[in-house]
Amino acid sequence: QVQLVESGGGLVQAGGSLRLSCAASGRTFSSYTMGWFRQAPGKEREFVAAVSWSGSSTYADSVKGRFTISGDNTKNTKYLQMNSLKPEDTAVYYCAATADRRGGSYSQTGLYPYWGQGTQVTVSS
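Residues numbered from 1 in each chain as written. Predicted model: local features only at pLDDT ≥ 70, side-chain atom pairs only at ≥ 80, totals over all residues. Heavy atoms only, no water.

Trainee: So what exactly am I meant to see when it comes to the overall build of the protein chain here?
Mentor: If you tally the helices and strands in the protein chain, you get zero helices and 11 strands. Each helix and strand of the protein chain, ordered N terminal to C terminal, gives the series β-β-β-β-β-β-β-β-β-β-β. For the protein chain, whose C-alpha radius of gyration is 13 Å, the value lies close to the compact-globule estimate of 14 Å for 125 residues. Overall size of the protein chain, expressed as C-alpha extent along the three principal axes, is 40 × 25 × 25 Å. Burial statistics for the protein chain: of 125 residues in total, 43% are counted as buried. Excluding contacts between residues fewer than 6 apart, the proportion of contacts in the protein chain whose partners are at least 24 apart in sequence is 60%. Accessible area for the protein chain stands at about 6200 Å²; split by element, carbon and sulfur atoms hold 46% of it. (Helix = DSSP H or I, 4+ residues; strand = E, 2+ residues; numbered from the N terminus. Rg over C-alpha atoms; globule rule 2.2 N^0.38 Å. Buried < 20%, exposed > 50% of the residue type's maximum accessible area, 1.4 Å probe, protein only. Contact = heavy atoms within 4.5 Å. Areas by Shrake-Rupley, 256 points an atom, 1.4 Å probe, with all protein chains shown as cover.)

Put into structure tokens, the structure is as follows:
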């Protein structure tokens, strides 16, 4: 079992930056694939980025070049650094984890059995 807790959301002006954190407990995070997703009001939850258990990262086209996943295995925590934020990035951001090792982009919500509670990110224009 894995428990995930996100933090770091908030209100920021367009062009600004935020760093989200996802702290894991219960299992060693480094052996899991970890994903970030977001959900805006009235929209479906969508893939943002993922880092696989093998260390490879994938990003949605909408955030590529602006967002970066990193991690600190000593703290069992993953981060999502978000730069050049846009109003359309406004959403609740969720981290998720899976022990799945089939490969691929890990962009599907159904692959992830473990989810955090979400953290709100609001980007003002």
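Trainee: Teacher, can you tell me more about the packing of aromatic side chains here?
Mentor: The description of two aromatic rings rests on the distance between their centres and on the angle between their planes. One pass over the full model with this rule turns up six aromatic pairs. Taking 5.1 Å as the distance between ring centres and 55° as the angle between the ring planes, the aromatic pair formed by F37 and W115 counts as tilted. In this pair, F37 is assigned in strand 4 (residues 33-39) and W115 in strand 10 (residues 114-115), connecting sequence segments 78 residues apart. Look at F37 and you get buried, because its relative accessible area is 0%. Given the relative accessible area of 26%, W115 is considered partly exposed. Taking the centre distance of 6.1 Å and the plane angle of 65° together, the rings of Y112 and W115 count as edge-to-face. What makes Y112 buried here is its relative accessible area of 4%. Taken together, F37, F47, Y94, Y112 and W115 form an aromatic cluster joined through their ring pairs. Looking at R19, its charged tip hangs above the ring of Y79, at a distance of 4.1 Å from the centre. (Phe/Tyr/Trp six-rings, centres within 6.5 Å; stacked < 30°, edge-to-face > 60°. Lys NZ or Arg CZ within 6 Å of the ring centre and 35° of its normal.)

As far as function goes, none of this settles anything; it's purely spatial.
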